[in-house]
Amino acid sequence: MVSKQSLPKQATTKMTLDEIAELAGFSRSTVSRVINDAPNVRAATRERVWQIIKACDFHPNPAARALAGRRSRVIGLVIPQALNTIFADPYFPMLIQGCAAACDQRGYYLMLSLVLRQSDDTFRWLIRARHMDGLIVASALTDDHSVRRLLDDRLPLVLIGRSMECTDITTVDADNEHGAAKAAQHLVQMGYQRIAMITGPMNMVHAIDRRNGFLCTLRALGVEPPSGYIQEGDWSESSGMQAMERLLHMTPPPEAVFVASDSMAIGALKAIRMAGLKAPDDIALVGFDDIPLAAAVEPPLTTVHQPIDQLGFLAASTLIDRLETASDVTGNNSAQHIVLPTELVVRASCGHALRCAADMRSTTQLFFDR
């Protein structure tokens, strides 16, 4: 182990690559190969060089590393959403945090790109100019073919979500259909028959998956919502409020609503209060995401939990794995499809506690009636 005390006096000041090489006892090119994770470097050599680097608190120049190794060690994260949605919805900061944690752990930087639509020409230029090594695209749009064009150009790419047209792309997704199906099953088991849904934007694949999982399960259980009971939102709180206002004007209004994101569900709760009603007494509510605020609102929100930060972490670490094994240079023949489980978290907004209390009162009454 190399300590600062064992180093020459000049090692306590700002070091150069040549000085690091001299202290380590290797050539400048060997040290450069170690820093750029080049193959064919002995483990003992690599360990010695990194000990000197850490002891000297040496920080390699990222631009020099990119030129030497043709790698920038920068990962791009593309979020195809309106800026007001990204900054208002806690889902996206949690996703970004997961991506950033994986990059930090592996010695990469995360570049955030906030765009309404993926611009494949821009991303091609960024990667070819070595500004970034690969891309994470956070959710697939049904009407955007950029992912296919990027994939055909052999750009290193991981998609958060499911692509409807590309089966040969590596994806990391939550089990949206199963989570929505559990929400539908729970509401029917609770005895609700007039059940509505507020969907996400129907140009996004995971919004379609949640709608399909919910409606297919309702129909399998003998519940067919009227067409007006299906309202579309855009993931924002305000869109959830507006969609709930439309549902409350239906005749008859629904008894329960499944909302495809917690942010929209919180907006729906506000609309219920503004109408002079209460959840779950007048209308039951179930969300999706399990953001931290879901447990803090009144009433606490029953919701489908998905591991948001883990989605981001796995997307980034999977992309880095592909970069470091050069699988995306030779092609995307070994595409992975990682699906994380979802689960229903039952809290007060669905009326579960009220129903349990009513069942207990009914059981107690039957006992005394004997």
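In this text the structure is predicted, and so the values were computed from the model without any measurement. (Residues numbered from 1 in each chain as written. Predicted model: local features only at pLDDT ≥ 70, side-chain atom pairs only at ≥ 80, totals over all residues. Heavy atoms only, no water.)

J.: Before we go on, may I ask you to explain unusual backbone geometry in this structure?
T.: For residues besides glycine, phi is generally negative; the peptide bonds are generally trans as well. T251 connects to P252 through a cis peptide bond whose omega is -5°. Turning to its location among the elements, P252 is positioned in the loop between α11 (237-248) and β8 (256-259). Here the bond from A279 into P280 is cis, since omega is 10°, no more than 30 degrees from zero. Mapped onto the elements, P280 comes out in the loop between α12 (262-274) and β9 (284-289). At W235, a residue that is not glycine, the phi angle is positive and equals roughly 80°. Inspection of the secondary structure assignment puts W235 in the loop between β7 (230-232) and α11. Classification of W235 by relative accessible area gives buried; the value is 5%. The backbone of D289 sits at a positive phi, close to 135°, despite the residue not being glycine. (Helix = DSSP H or I, 4+ residues; strand = E, 2+ residues; numbered from the N terminus. Buried < 20%, exposed > 50% of the residue type's maximum accessible area, 1.4 Å probe, protein only.)

J.: So what exactly am I meant to see when it comes to the pairing of strand β3 (residues 134-138) here?
T.: A regular strand places its side chains on the two faces of the sheet in alternate fashion. The element β3 is largely enclosed, with a buried count of five among its five residues. The side-chain alternation of β3 yields two buried faces, one formed by G134, I136 and A138 and the other by L135 and V137. For strand β1 (residues 74-80) and β3, the ladder comprises four bridges, and the chain directions are parallel. Bridge pairing in β3 places L77 opposite I136. (Pairing = 2+ DSSP bridges.)

J.: What am I meant to see in the packing of aromatic side chains here?
T.: The geometry of an aromatic ring pair comes down to the distance between the two centres and the angle between the two planes. Under the counting rule described, the total for this entry stands at three aromatic pairs. Ring centres 5.1 Å apart and planes at 90° place the aromatic pair Y91 and F92 in the edge-to-face group. Accessibility expressed as a relative area gives 6% for F92, which makes it buried. The structure contains a cluster of three or more aromatic residues connected by ring pairs, namely F214, F258 and F288. Sitting above the plane of the F288 ring, R210 keeps its charged end 3.9 Å from the centroid. (Phe/Tyr/Trp six-rings, centres within 6.5 Å; stacked < 30°, edge-to-face > 60°. Lys NZ or Arg CZ within 6 Å of the ring centre and 35° of its normal.)

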